[in-house]
Amino acid sequence: MAQVHPFHAHRYNGSRVSFDRVLTQPYDMISPAMQEKYYAADPHNLIAVEKGRMLPDDAEGRNVYTRAAEALESWIRENIVVKDSEPSFYAYTQEYTVPGTEERRTRRGFIGAGKLEDYSAGVVFRHEYTLSGPKADRLELLRNTRTHTGQLFMLYSDEQRRVDAILEEAEGAAPPATELRDEYGVVHRLWVVSDPARVAAIQEAMAGQKLVIADGHHRYETALTYRNERRNERSAAAGQSSGATASAGSHAPGSREGASSDCTSIDVAPGELAPYEFATMTFVNTRSEGLTILPTHRVVANVPDFSWPSMRRYMEPWFAAEEFPFADEGAKAEARRKFLQRLVEARELRAIGVYPTAQPGKQAYYVLTLRPGANLSLLLPGVSPLQRELDVVLLHEGILEPALGITPQAVTAEKNLTYEREAVSALDAVDRGATQVAFLLNPCGVEQVVHIATSGEVMPQKSTDFYPKLLSGIAMYRVDC
């Protein structure tokens, strides 16, 4: 099952820098404007490593990736980034306001070095497919820096909350080693957990766990590719230097593939696993309070001859439609409020919100709900029973493709479909004339994600948005030996 180890993290030196000026959001959340803001915040901001500027004269041997490695190495030499002396786990909490509400929550987890496993091993499970572009970028960065600057977000399930109790105890025993408020108002706190008894108790509790990737599929698969590269390099080097005798000796009893006797990044005995067999992971219990999944809404454009009446006629046998009409701007706000409220209330009825461009003589929001007794095997004939329970699949397979002709290939290319986290942004896009229709979804449940993943299936792209994101740079992991 899962192997989770304490490690010697490289962390920013709080006596030399301000945490809120050097830590960043994950690379895939950093817009061009955010990139410039980070560069302006501090010369040691992680942006130079996490997502550096590309320059016109970049070439092999001198480019964004080599500059990232140089920056990190210089910060370590200057004690801007320092290595912890003891192998540790890191308790990590995020206090935040749920977007669109005034509700405050705290998500609790811990950072450790988790062993990389092929999906076929049945230990780590994905819930999304990945794209090749982001993986190529992250792989080149990892090859050059040999450092995991961010954490993979992993889910595990422990009804007894054994690890949570240990983390809460550690948090109460000392002030946080790192504390900051990010640009979204999320308060991040980190505690070093190096006490041997606590470390051992966490490892024992995690030993029987299966892990589901909540966020970071591209980075996980990048880490697997890098691990395999390093394994091959070591195997080739052993064969060249030692010949057949040494090669046979490398598989002696008690040794493991990828072994290294001079690596101290993680707390494993010499002769066991090399650091590149692991990656930094933040582990969060599905039974803990504070887990939030946000929906990702869909907005549609560039559909030839789009017609809401025609689309509605197609959906009539399957969906009932509740209207929230408005005649002027004065009535619009109230109609929108009722529409959004009803979308949440009707969640168990498989509700999907729709806001089409104005029709002649009529403007309205609509909440579609699946008709009682609707035969989903007929509406979604090529979809597994588990997938049929997902609203996002119902939208894609039951509406977007058959009613609007938006194929999976068009979705991947974002030819007709783009995404919005905020419901208001999706609706405003229709009002601006930037899109033909907006589809609003309720979030899926964490147990749905885990069930889909551990059953060997995946969800459509942009099905989940675990909020908030894990900060990059808060506990970095070097695989340079």
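A brief structural summary. (Residues numbered from 1 in each chain as written. Predicted model: local features only at pLDDT ≥ 70, side-chain atom pairs only at ≥ 80, totals over all residues. Heavy atoms only, no water.)

Points about the overall build of the protein chain
At step 1: Along the protein chain, the regular secondary structure elements total 16 helices and 21 strands.
At step 2: Since a compact globule built from 481 residues should have a radius of gyration of about 23 Å, the 25 Å found for the protein chain is in line with a globular shape.
At step 3: Structurally, the protein chain occupies a C-alpha span of about 80 × 55 × 45 Å along its principal axes.
At step 4: Counting across all 481 residues of the protein chain, residues that qualify as buried make up 52%.
At step 5: Restricting to contacts in the protein chain with at least 6 residues of sequence separation, those with at least 24 account for 77%.
At step 6: As displayed, the protein chain has an accessible area near 21200 Å², and 49% of this comes from carbon and sulfur atoms.
At step 7: Seen as two clouds, the 52 positive and the 64 negative side-chain charges of the protein chain have centres 1 Å apart. (Helix = DSSP H or I, 4+ residues; strand = E, 2+ residues; numbered from the N terminus. Rg over C-alpha atoms; globule rule 2.2 N^0.38 Å. Buried < 20%, exposed > 50% of the residue type's maximum accessible area, 1.4 Å probe, protein only. Contact = heavy atoms within 4.5 Å. Areas by Shrake-Rupley, 256 points an atom, 1.4 Å probe, with all protein chains shown as cover. Lys, Arg positive; Asp, Glu negative; His and termini not counted. Charge placed at Lys NZ, Arg CZ, Asp CG, Glu CD.)

A word on the pairing of strand β4 (residues 89–97)
For a regular strand, the rule is simple: side chains alternate between the two faces of the sheet.
At step 1: With respect to burial, β4 is a largely interior element, seven of its nine residues being buried.
At step 2: Note that β4 and strand β5 (residues 104–115) share eight bridges and pair antiparallel. Bridge pairing in β5 places Thr-97 opposite Arg-104.
At step 3: The hairpin formed by β4 and β5 contains six residues between the paired strands, and Gly-100 there has a positive phi angle of roughly 85°. (Pairing = 2+ DSSP bridges.)

Comments concerning the pairing of strand β8 (residues 152–156)
At step 1: Within β8, five of the five residues are buried, leaving the element largely enclosed by the surrounding structure.
At step 2: Here β8 shows no split at all, with Leu-152, Met-154 and Tyr-156 on one side and Phe-153 and Leu-155 on the other all buried.
At step 3: Relative to strand β12 (residues 278–285), β8 is paired through five bridges, and the arrangement is parallel. Within β12, the position partnered with Tyr-156 by the bridge is Asn-285.
At step 4: Judged from the three bridges that link them, β8 and strand β11 (residues 211–215) form a sheet pairing that is antiparallel. The partner of Phe-153 across the bridge, within β11, is Asp-215.

Quick notes on the pattern of salt bridges
Side chains that carry opposite charge are capable of pairing whenever their charged atoms lie near each other.
At step 1: All chains considered together, the criterion is met by 40 salt bridges.
At step 2: Measuring nitrogen to oxygen at the nearest pair gives 2.9 Å for the salt bridge that ties Glu-277 to Arg-231. Note that Glu-277 is positioned in the loop between α8 (217–249) and β12 and Arg-231 in helix α8, a separation of 46 residues in sequence.
At step 3: Note on Glu-277: relative accessible area 0%, which makes it buried.
At step 4: The partner of Asp-431 in a salt bridge is Lys-332, with the nearest N and O atoms 2.7 Å apart. Taken together, the positions of Asp-431 in helix α15 (residues 423–431) and Lys-332 in helix α10 (residues 329–345) put the pair 99 residues apart, joining distant regions of the chain. (Salt bridge = Lys/Arg side-chain N within 4 Å of Asp/Glu carboxyl O.)

Examining the sheet that holds strand β18 (residues 417–420)
At step 1: Within the open sheet, the six strands sit side by side as β15-β17-β16-β19-β14-β18. Their pairing is antiparallel. The strands lining the two open edges of the sheet, one partner per strand, are β15 (319–325) and β18. Pairs of neighbouring strands in the sheet enclose a mean axial angle of 25°, with direction left out of account.
At step 2: Contacting β15, β16 (352–356), β17 (364–370) and β19 (437–440), α10 runs over the sheet at an angle of about 15° to β17. (Axes fitted to C-alpha atoms, helices over the stretch in contact; angles between N-to-C directions.)

Focus: the packing of helix α9 (residues 308–315) against helix α13 (residues 391–404)
At step 1: Relative orientation of the contacting elements α9 and α13 amounts to 125°, with a least axis distance of 10 Å. On the basis of their axis angle, the class for α9 and α13 is oblique. Every pair of crossing elements has a handedness; the one defined by α9 and α13 is right-handed. Contacts between α9 and α13 pair Met-311, Tyr-314 and Met-315 from the former with Gly-398, Ile-399, Pro-402, Ala-403 and Leu-404 from the latter.
At step 2: Considered class by class, the residues forming the contact of α9 with α13 number seven nonpolar, one polar and no charged. (Parallel < 35°, antiparallel > 145°, perpendicular 65-115°, else oblique. Left-handed = near helix turned anticlockwise from the far one by under 90°. Nonpolar A, V, L, I, M, F, W, Y, C, P; charged D, E, K, R; others polar.)

Notes on α10
At step 1: For α10, with 17 residues, the first-to-last C-alpha span of 25 Å sits near the 24 Å given by 1.5 Å per residue.
At step 2: All of the buried residues in α10 are Lys-332, Ala-335, Arg-336, Phe-339 and Leu-343. With its buried residues spanning 105° around the axis, α10 presents them on a single face. Turned more than 90 degrees away from the buried face of α10 sit Gly-330, Ala-333 and Val-344, all of them exposed. (Expected span 1.5 Å × (residues − 1). Arc of directions from axis to C-beta.)

Overview of the environment of Ala-200
At step 1: Take Ala-200: it is sitting in helix α7 (residues 196–206).
At step 2: Ala-200 sits in the partly exposed class, given a relative accessible area of 41%.
At step 3: On a C-alpha basis, the gap between Ala-200 and Tyr-355 in space is 53 Å, while along the polypeptide they are 155 residues apart.

Quick notes on the nonpolar core
Generally speaking, nonpolar side chains in soluble globular proteins are found buried as a group.
At step 1: Ranked by size, the top nonpolar core spans 90 residues in total, and within it Tyr-12, Trp-75 and Phe-439 carry the most contacts.
At step 2: At seven residues, α13 tops the list of elements feeding residues into this core.
At step 3: Residue contacts for Phe-439: discarding those within four places in its chain leaves His-297, Arg-298, Val-300, Met-311, Ile-352, Gly-353, Val-354, Leu-395, Ile-399, Leu-400 and Leu-404.
At step 4: In this structure, Val-4, Leu-116, Tyr-156 and Ala-279 belong to the second largest nonpolar core, which totals 29 residues. (Core = buried A, V, L, I, M, F, W, Y, C linked by side-chain atoms within 4.5 Å.)

Bear in mind that shape data such as this cannot, by itself, settle questions of function.
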